[in-house]
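# Structural description and commentary
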Amino acid sequence: MARILVIDDEHTLRLLYQHELTQEGHTVDTAGTADEGIAKVRDTEYDAVILDIRMPGKDGLEALGEMLAERRNIKVIINSAYSTYKDNFMSWAAEEYVVKSSDLTELKQKLAEVIGR
Amino acid sequence: MAIRILIADESPTVRVSLAELLRQEGYETVVASTEDEVFAAYAAQIPGILLVNLNMPGISPPDIGHLKKINPSAPILVLTSDTRFQTVVEAMRSGADDVLTHPSTPERLLAAVERAEQQVAKARQLDEDEAEIKRLTTLNQQIIDYSPVPIAVLDLKGVVSHINNAMLRLLDCPQKTCIGEHLISLLERSADEIDGEFRTHLSRVLEHRSPVHGSALHARLSGVDRYFDVDLIPLRETDDGAGVMVVLHDVSQWIIGHQFLRSVVRDSADAIVIADEQLVIRLWSVGAEKIFGYALKEIIGKPLTLLFPPGQTDTDPASLLAHLAESPSSEKKRTHRRRQDGALVDVELTQFALTDPQGHPVGICEVSRDITLDVAREREIEGIKDFYEHIVDTISDGIRVIQVKERRIVLANKAHLEWIGMSAGEVIGRHSQEVPWGLDEKNRGVQMEALVDRALATGLPERQVYASRPAKSDRVHWMDIVAYPMANALETIEHVVLVGRDITARVEMEANLAAERDRRDQVFTSAPIGILTTDTQGSIQFANPMIAQIFGVFSPDALIGENLFHLDQVKNMELTARFRQVLSHGTPLHQDQITCASPLGRDTIINIRAEPLFDQTRTITGLVAVIENVTEKISLQRRLSATTADLTMLAEIGELFQESRDPDLILQTILVGVTAGEGLGFNRAFWLAADSETHALRGKYAIGPSDAQEAWRIWSELKTTPHTLHDVLSGYRAAMARGEVRINEVARDLVISLEDAENIAARAAIERRAFLVTDGRHHPMVPRELADRLGTDSFAVVPLIFKDSVEGVIIADNAITGKKITDFDLRSLELFAHQATLAVERSRLYFELEHRLHEVQEAHSLLKENQEVMLKNARLAAMGQLAAQVAHEIRNPLVAIGGFARNVLRGLEEYDSKHEFVQIIVDETSRLEKILGDVLEFSRPKNGRMAAMDLVHLVRRTVGMMQGELSDHRIETRLELPSEEVRVRADADQIRQVLQNLIHNAVEAMSADDAGAGGGPQGTLTVTLQVAHGKAVVQIEDTGCGLDQETMRRMFEPFFTTKSHGTGLGLAICQQIVRDHGGEIAVANNPDRGAVFSVVLPCLQKEETDGTDSRY
């Protein structure tokens, strides 16, 4: 239904999300680094981007900034293992903030919401 | 002589006719008619011939034989008419010499008689010959018998027929035994051995009858070797038969001598070589073998020149022999000989020619002695001689040896020759007097004669010192010359050895030493300390003026020669024994501060040190004593120690002042110090206080005995029992309280106006300085009453200044003892007063300081406590950070695991066996995520959103939120909250979290054994909120089982849990939150069972709102 980009440095997680979201019916692209993600965003219009924050090199927040520069209206869901960034104002630029969990329910819900908006 | 013929016939006619016939022929005749007459005639020895007729009765052939026997030399002519051959034979057999038939012709008869006559004559001749032979034989016999040469005569068989005495002696056997024995067997019997060619020769001679001369016979007879040259001479035929004469020439001596010589030669250790005239070696001794190496067999027959050293090997024999024959008999010379191995050996050679009796040289004899060792020894001796000569020449002392007889110089060594500036040639052999030993100061020769004479006279070395100028110097030196008389083996003195040593240096050194000694004596004499020395008996050898002063004698000379042990001064000091010890055992004497009583009256206090004096052999030769007059020093020392004691006392006083603010106590202490001090021991002290209102000095109190009696009592008491300052002070105060201090009255009476400039006490106070009054009764500044009151002429006045104002004045005197108060005492008193005031100040400050210090210490320990807490917290924080880090790392993998598990689960039917397993995976990962969440929560840096809010409202709301859980567990709830707001500054979420956590714990505690089935309530939860001291306290009480000590202690520690589930972080997080809010959580056990948790939070003061009102 929607075109999703998942940006996470963990290969296994990329796999999981891709599998799960594809099962939901979405088309899923993945990127392993911030730059890769940014490039993909530049080239393609995504309905939503699921973005990890803690990545080697450029982190998610910086990527977020650059992505927004590329497409002003891009919808980003931050999906981080850390809850600390919730208070970081940069994360406010994201639509939603989800703390990573093995239960993907919250993520899927938030995704559905964001896509609907 | 005519032969008488006996005619024997029966018939007388025959007789007559025969007789007539014969007479005519010239024969004498005798007739016999009967046999008796015949026998008688024979008995008378008448007939020379017998003519006998057989028909004669009584004459038968046997009678003929008989008659023949009687006279064998008388031929018997038998007449018989019986011509029968038988008869003739018989007659002949019986002894008849001739048989005639009867009658026979006169011619026949006469012929027979003639024949008989011839026979007789022959017989007579034979007899004569025999007698001659016998005579000769006897002579020869004797010759042989007495010959010293052993002779034996043997027959052809070798049997001894004759043996002479010499031979008998030789064989040592009697004649009887020898005769008839074979010579060889005789020899064998007598001799141990028989050797030689003798046997062979003997048998040859016996066989061939040819003489042998010089047969060698060697026999050992009677243990002695005998050598004989034997002549074996066959003898011509004699009546005894042919034989051999054996003559033994005893050549034993010659042989033995020869053998001896041979062995001497052969076995000689000396090398004896005998060569013939061709210089061919014939004889070679063992010694020669040893020295030259050639064995006998090798060298015999070789030329002698083989042994000659190179250069002489082609010596001509003849010329050598000739040379030797001419030269005088054997001279020994040293030369070389060549050994078999080619090496040359040193030999002492005796070489001489061997000559025959005519004097012709027949050979050479060389006797060589190996003198290698000798040569070596000689060289050694030469070496030693050289060595000694070298020593003599190297010695720096001059040596001259004089031969006694003519006083000639036989030896002068290099040193001596240099000294006298002559060469050996000029000196040796000259008369000693002609060669003086240098020149004396007047340039005369220095003669040794007198010294030598002395030495000869005494026979002992004599010594003398001379002034002598050596040849090469202008300076006169001192020579120490010793003359040694030298005796030879016969104990006569043949030489005198003079050894001269230059002792100038020593002499100069001694002079220097003497000068040194004088200098030293000067030093000693002028030294400021006393020095004396004695010999081993204690007799004083040296004393300097200081000693004289100390001992109280006019001059040190008075002491010289006196015995130290007998001096009164020494005896009085009881040092005699110890001085003796110094000399006998070397024990040093060390005595300090001993009083030496001087007869002049001025006793001195001295330090005395005495040490033994040693010579180079460490024998004690005396003692040296050093005496220091320390009288003044001692008194100064005493003064000093007194002052020190006073300072100590000052310190004590300072201690006493520490806490006291009581001025009386202070002053009394000062007064005690003034009178109790060691140096500052005034008899009495008075205190006059300055009264600012009346402007006067008023006596307050005094200390000290009021009279001598009291003084004596007090002071003896003080002496026997040691009193500290404290004891004295307390005693004094006690006495004061009892009113027993009489002298106080005196003090009380003293009043001096401060405006009275003429009064010394006033002046002291105003001018702030001390005064000493020595003649109080006449002193212009001392009013009469004061002097009277004090009752003393001499006193000291000292002001006491506290904090820059004069408190008063101390008057101190020595009224009881009358001891003079010196300036020194005054200064001491001033100093003391000053020190006392300082002590008071100091003690006050000290007290303050102590107090402050105490405060600081408390603060410090508080700080330390906090520090510990902070450290603990930091540790926990670090741990928390680590946990957070780990948690984050774990989170991602967990998401993957859990996520995929869920995915799989979704694909499984509930009835699938795997469903359960995968469900477990999902559940466990959830659990892990929860734990992670807690950990992260705990370590989350504080970022609470603080705002002012009403705590009451929050508590109420929270309890309300938990109502569900509470009802589920059938817990009763009691709420005691104040009616007004309680405003605090907090993060509502966090506080709520804390309260929730605590309530949850309480519920758990109360539902510990929720066995299920409904029934009564399980417990009661009480929540209260109180405000006190600006703090809000929320208490959550339960009625559970309560907590044990361990749990209470550790429950707030992270990861501590008593539950089987959970992270154990709950309470830790709560505590963190509350602390972050500036509050504290506490826990206590309720006495009625259960626990109570108290959350304390600081209240917001009414003024302190920040405008951020919380929603709550």
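As a reminder, the structure under discussion sits directly above these lines.
Calculation rules
Residues numbered from 1 in each chain as written. Chains lettered and ligands numbered in written order. Predicted model: local features only at pLDDT ≥ 70, side-chain atom pairs only at ≥ 80, totals over all residues. Heavy atoms only, no water. Disulfide = S-S within 2.5 Å. Buried < 20%, exposed > 50% of the residue type's maximum accessible area, 1.4 Å probe, protein only. Helix = DSSP H or I, 4+ residues; strand = E, 2+ residues; numbered from the N terminus. Pairing = 2+ DSSP bridges. Right-handed = clockwise from strand over helix to strand, strands pointing away. Contact = heavy atoms within 4.5 Å. Buried area = accessible area lost by both parts, 1.4 Å probe. Salt bridge = Lys/Arg side-chain N within 4 Å of Asp/Glu carboxyl O. Polar contact = N/O pair within 3.5 Å; in protein donor to acceptor, adjacent residues only side chain to side chain. Nonpolar A, V, L, I, M, F, W, Y, C, P; charged D, E, K, R; others polar. Axes fitted to C-alpha atoms, helices over the stretch in contact; angles between N-to-C directions.

A few words on the state of the cysteines. Residue and element names in this part refer to chain B. Enumeration according to the criterion identifies one disulfide over all chains in this entry. Disulfide pairing is shown between C173 and C178; the S-S distance is 2.5 Å. The burial state of C173 is the same as that of C178; both residues are buried.

All right, on to the pairing of strand β4 (residues 76-80) of chain B then. Residue and element names in this part refer to chain B. β4 sits mainly inside the fold: five of its five residues count as buried. Burial along β4 is two-sided: the residues I76, V78 and T80 and L77 and L79 are all buried. Of the pairings in the sheet, the one linking strand β3 (residues 49-53) to β4 comprises four bridges and is parallel in character. Within β4, the position partnered with V52 by the bridge is V78. In this region the chain leaves β3, passes through helix α3 (residues 61-70) and returns to the parallel neighbour β4; the handedness of that crossover is right-handed. Of the pairings in the sheet, the one linking β4 to strand β5 (residues 98-101) comprises four bridges and is parallel in character. Within the sheet, the bridge partner assigned to V78 lies in β5 and is V99. Remark: the β4/helix α4 (residues 85-94)/β5 crossover connection has right-handed handedness.

Residue and element names in this part refer to chain A. The buried fraction of strand β1 (residues 3-7) is high, at four of five residues. In this structure, β1 lies alongside strand β2 (residues 27-31), joined through five bridges in parallel fashion. Considered in β2, the bridge of I7 is made with A31. Once the chain exits β1 it traverses helix α1 (residues 11-24) before rejoining the sheet at β2, and the crossover so formed is right-handed. Relative to strand β3 (residues 48-51), β1 runs parallel, the two sharing four bridges. Opposite I7, over in β3, you have L51 as the bridge partner.

On the side of chain A, 18 residues touch chain B, which itself brings 16 residues to the contact. Between chain B and chain A, the buried area comes to about 1,600 Å², and carbon and sulfur atoms account for 50% of it. With its nearest N and O atoms 2.7 Å apart, the salt bridge here joins R906 of chain B to E20 of chain A. Seen at the junction of chain B and chain A, the total is 10 residue pairs in polar contact (both at pLDDT 80 or more). In terms of residue count, the dominant contributor to the side of chain B that touches chain A is helix α29 (residues 823-906) of chain B (12 residues). Looking at the side of chain B that touches chain A, its residues break down into four nonpolar, seven polar and five charged.

Residue and element names in this part refer to chain B. Strand order across the open sheet formed by five strands is β13-β12-β16-β15-β14, with antiparallel pairing between neighbours. The open sheet terminates on both sides in strands that have one partner only, identified here as β13 (281-284) and β14 (332-338). Averaged over all pairs of adjacent strands, the angle between their axes in this sheet comes to 35°, without regard to strand direction. Taken together, the six bridges between strand β12 (residues 271-276) and strand β16 (residues 361-370) define a ladder with antiparallel strand orientation. Its bridge partner being in β16, I272 is matched across the sheet by V367. Helix-sheet contacts for helix α13 (residues 317-326) involve β15 (344-355) and β16, and the interaxial angle to β15 is about 75°.

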